[in-house]
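Chain residues, written in single-letter form:
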Amino acid sequence: MSATEHRGQEPSGGVEARVSSDGETLERVPSRGRAFRRLGLGLIAAGAAWVVLYVANERVWDVVFYELAGLDPATRLGSAVHFFFYDTAKIMLLIVGLIFVISLARSSIPPERVRDLIVGRHVAVGFGLAAVFGALTPFCSCSSVPLFIGFVAAGVPLGVTLTFLITSPLINQIGVVMLAGMVGWEIAALYVLTGMAMAIVAGVVLSRCNLERWVDPFVTDIAVPAGIDGGKPTLSDRVEFAKVETIDIVRSVWVYVLVGIGIGAGIHGWVPADFFATTGIADSVWAVPAATLAGVPLYANVAGVVPLIEAVHAKGLGLGTAMAFMMSIVALSLPAMILLKRVMRLPLLAIYVATVTLGIIGIGFIFDLIT
Amino acid sequence: MDIKVLGPGCNNCVTLEARTRDALDDLGTDATIEKVTDTAQIMGYGVMATPGLVIDGNVVVSGRVPSVKQLTKLMKG
């Protein structure tokens, strides 16, 4: 860190005035400690503010709609409006708080480092690591091709690479946070565990099938230099990273959250409670496979899907069916497949999609059995 | 300064390019910005997660979109 940069961070610091070019190391320590403390206090204050808002959210809408606006909680309109505002605020708070914490935690694990961790380990460890890091690190779908090449060309077995590629979109951090907030922590945890288990099983099965011949040969021809290392980030780097990440995520999902919860509120208010039971959908053996297949071609933001899952589940649709629908929407998307087509030959792509589809159907049945 | 934005052209890559231009404006520095969209070339930089940013041959960002403030800091070196 240069002296100029240093002064830039602490413009009002009296200590820096005495800094000379060779005295820089001497003065850096107290000033960095102060910045660190200030950052720490800021984080604690932000955490406290978050808790206050979260607790206040439970009460404030009762007062606003039922006491001030005079809506009746027993009417459809009253409960739908209350549900919409209460749930939107709650979900946005959860997303902001938890995504910030998750981003802070994973600011030091870029995929290059994950790859370096996996290369050379026993293949069983590789599957486990791929699933864990796949769940922790989201990547935009256009990164799937460079990731695939980077893993395979570095010597990560194809099956392990596929486990990573399946877990990453499937265990979506926003999906997990919203499920936890709307359906329950147990369900969110079950989703994470079964999703990772499914990705590992799918990876192991696929690795048994000798699929390397269907990987486009150009993948192995690319010379991939060893992973770049940006150095160890400081706390302020991490906080900055987490802040930017949280703002970007909120900016990209808030519309879907609003629309999803809006439709969910509509379902809560106007769809009869026994809708799925009376139409026979809830009891059908075909509900889970049908929901899974219906979700494959659909591509929607997970933030918009979770509120619908919650609403239809509240109306009696089996959780397995609802979850299978959500998982096939997020795990298998047409844009991602088109990109992967560039590195995987059609048979491999087809086997990959079929395996994941079957895995999701399996998870759907597991959910129905447990709940 | 020679800047390359690595990425096949998804939203994140577009955002990164826009923020890079903003950061350059803030600094008042002249630079050439080149977009690298070819996968093999992107991989050649050792970048596995897009978008990536290369300044004078050094990869400074991969797999995320930093803020304009962070980019300005990176460009100052």
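Check the entry above for the structure.
Here's what I pulled together on the structure shown here. In this text the structure is predicted, and so the values were computed from the model without any measurement.

Rules behind the numbers
- Residues numbered from 1 in each chain as written.
- Chains lettered and ligands numbered in written order.
- Predicted model: local features only at pLDDT ≥ 70, side-chain atom pairs only at ≥ 80, totals over all residues.
- Heavy atoms only, no water.
- Phe/Tyr/Trp six-rings, centres within 6.5 Å; stacked < 30°, edge-to-face > 60°.
- Buried < 20%, exposed > 50% of the residue type's maximum accessible area, 1.4 Å probe, protein only.
- Helix = DSSP H or I, 4+ residues; strand = E, 2+ residues; numbered from the N terminus.
- Pairing = 2+ DSSP bridges.
- Contact = heavy atoms within 4.5 Å.
- Buried area = accessible area lost by both parts, 1.4 Å probe.
- Salt bridge = Lys/Arg side-chain N within 4 Å of Asp/Glu carboxyl O.
- Nonpolar A, V, L, I, M, F, W, Y, C, P; charged D, E, K, R; others polar.
- Expected span 1.5 Å × (residues − 1).
- Patch = residues over 30% accessible without salt bridge, like charges linked within 9 Å, V, L, I, M, F, W, Y side chains within 5 Å.
- Areas by Shrake-Rupley, 256 points an atom, 1.4 Å probe, with all protein chains shown as cover.
- 1 Å grid on protein atoms, 1.4 Å probe; cavity = no way out; pocket = protein on both sides within 12 Å on 5 of 7 lines; lining within 4 Å.
- Points joined across faces, edges and corners; volume = space filled by probe spheres on them.
- Axes fitted to C-alpha atoms, helices over the stretch in contact; angles between N-to-C directions.
- Parallel < 35°, antiparallel > 145°, perpendicular 65-115°, else oblique.
- Left-handed = near helix turned anticlockwise from the far one by under 90°.
- Core = buried A, V, L, I, M, F, W, Y, C linked by side-chain atoms within 4.5 Å.

What to know about the packing of aromatic side chains
Residues and elements named next belong to chain A. Enumeration according to the criterion identifies six aromatic pairs over all chains in this entry. Summarising the aromatic geometry, the rings of F84 and F85 are spaced 5.5 Å apart at their centres and angled 85 degrees between planes, so their arrangement reads as edge-to-face. The exposure class assigned to F85 is partly exposed, which follows from its relative accessible area of 34%.

What about the pairing of strand 3 (residues 52–55) of chain B?
All names here are of chain B. Burial along strand 3 is two-sided: G52 and V54 and L53 and I55, pointing in opposite directions, are all buried. Bridging between strand 1 (residues 2–6) and strand 3 involves four bridges; their strand directions are antiparallel. Each bridged residue has a counterpart across the sheet, and for V5 the counterpart in strand 3 is L53. Pairing of strand 3 with strand 4 (residues 58–62), which is carried by four bridges, proceeds in the antiparallel orientation. Bridged to G52 within strand 4 is S62. In textbook terms, the turn of a hairpin is the stretch between consecutive antiparallel strands, and for strand 3 and strand 4 this stretch comprises two residues, one of which, D56, has a positive phi near 45 degrees.

Let's talk about the interface of chain B and chain A
Where interface size is given, it is often the accessible area lost as the parts come together that is meant. Between chain B and chain A, the contact holds 24 residues from the first and 26 residues from the second. Of the roughly 2,100 Å² buried between chain B and chain A on both sides combined, carbon and sulfur atoms contribute 61%. Per-residue buried area on chain B facing chain A is highest for T39(B), M43(B) and M48(B); these three make up 33% of the total on that side. In this assembly, chain B and chain A are joined by two salt bridges. Listed by contribution, the elements that provide at least two residues to the side of chain B that touches chain A are helix 1 (11–27), helix 2 (39–44), strand 4 and helix 3 (68–76) of chain B. Among the elements that make up the side of chain B that touches chain A, the one with the highest residue count is helix 2 of chain B (four residues). Looking at side-chain class alone, the side of chain B that touches chain A contains eleven nonpolar, nine polar and four charged residues.

Some words on unusual backbone geometry
Cis geometry is found at the peptide bond from T50(B) to P51(B), where omega equals -5 degrees. Here P51(B) shows up in the loop between helix 2 and strand 3. Phi at N210(A) takes a positive value of approximately 55 degrees, unusual for a residue other than glycine. Position of N210(A) among the secondary structure elements: in the loop between helix 9 (185–207) and helix 10 (218–221). Overall, N210(A) belongs to the exposed group, its relative accessible area being 54%. One non-glycine residue, D56(B), lies in the positive phi region at around 45 degrees. For D56(B), a relative accessible area of 47% translates into the label partly exposed.

Quick notes on helix 7 (residues 158–170) of chain A
Here helix 7 of chain A contains 13 residues, and its C-alpha end-to-end distance of 18 Å stays within 8% of the 18 Å for a straight helix at 1.5 Å per residue. With respect to burial, helix 7 of chain A is a largely interior element, twelve of its 13 residues being buried.

Remarks on a nonpolar patch on the surface
Taken together, the side chains of W254(A), V255(A), Y256(A), V259(A) and I263(A) define a hydrophobic patch exposed on the protein surface, amounting to about 460 Å² of accessible area. Its relative accessible area of 42% is what places W254(A) among the partly exposed residues.

A few points about the layout of surface pockets
All names here are of chain A. One number sums up the size of the second largest pocket: a volume of about 340 Å³. Looking at the second largest pocket, it is lined by 14 residues, and the ones nearest its centre are L43, A46, G47, G97 and F100. Among the elements that line the lining of the second largest pocket, the one with the most residues is helix 2 (residues 24–68), at seven residues. Within the lining of the second largest pocket, the residues separate by chemical class into ten nonpolar, four polar and no charged.

Quick word on the packing of helix 13 (residues 287–295) of chain A against helix 15 (residues 319–331) of chain A
Residue and element names in this part refer to chain A. Close contact between helix 13 and helix 15 brings their axes to 7 Å; oriented N to C, the two are set at 20 degrees. What the angle tells us is that helix 13 and helix 15 run roughly parallel. In terms of crossing hand, the pair formed by helix 13 and helix 15 is right-handed. In contact with A287, V288, A291, T292, A294 and G295 of helix 13, helix 15 contributes G320, T321, A324, F325, S328 and I329. Classifying every residue of the contact of helix 13 with helix 15 gives seven nonpolar, five polar and no charged.

Some points on empty space enclosed by the protein
Inspection of every chain in the model, using the stated rule, returns two cavities of 30 Å³ or more. Together, C142(A), V145(A), P146(A), L339(A), R342(A), P8(B), T37(B), T39(B) and I42(B) line the largest cavity. Of all the secondary-structure elements, those providing two or more residues to the lining of the largest cavity are helix 6 (144–153) of chain A together with helix 2 of chain B. Along the lines of polarity and charge, the residues of the lining of the largest cavity split into six nonpolar, two polar and one charged. Of the voids in this model, the second largest cavity is the one considered here, and its volume is about 30 Å³. Looking at the lining of the second largest cavity, the element that brings in the most residues is helix 11 (residues 235–270) of chain A, giving three residues. For the lining of the second largest cavity, a count of residues per class yields four nonpolar, one polar and two charged.

A closer look at the pattern of salt bridges
All names here are of chain A. Applying the stated criterion across every chain yields a total of nine salt bridges over all chains. Notably, a salt bridge pairs E240 with K243, separated by 4.0 Å at the nearest N-O pair. Placement of the pair is E240 and K243 together in helix 11, with a separation of three residues, close to one helical turn. Exposure remark for E240: the relative accessible area of 15% places this residue in the buried category. Note that D248 and R251 form a salt bridge whose closest N and O atoms lie 4.0 Å from each other. Of this pair, D248 and R251 both sit in helix 11, three residues apart, which is roughly one turn of that helix.

Here we look at the nonpolar core
Ranked by size, the top nonpolar core spans 96 residues in total, and within it I95(A) and F148(A) carry the most contacts. If we skip the residues at most four places from it in the chain, F148(A) touches L158(A), T161(A), L162(A), L165(A), V215(A), V219(A), V343(A) and M344(A). Judged by nonpolar contacts, the second largest core, of eleven residues, contains I3(B), L16(B), L24(B) and L71(B).

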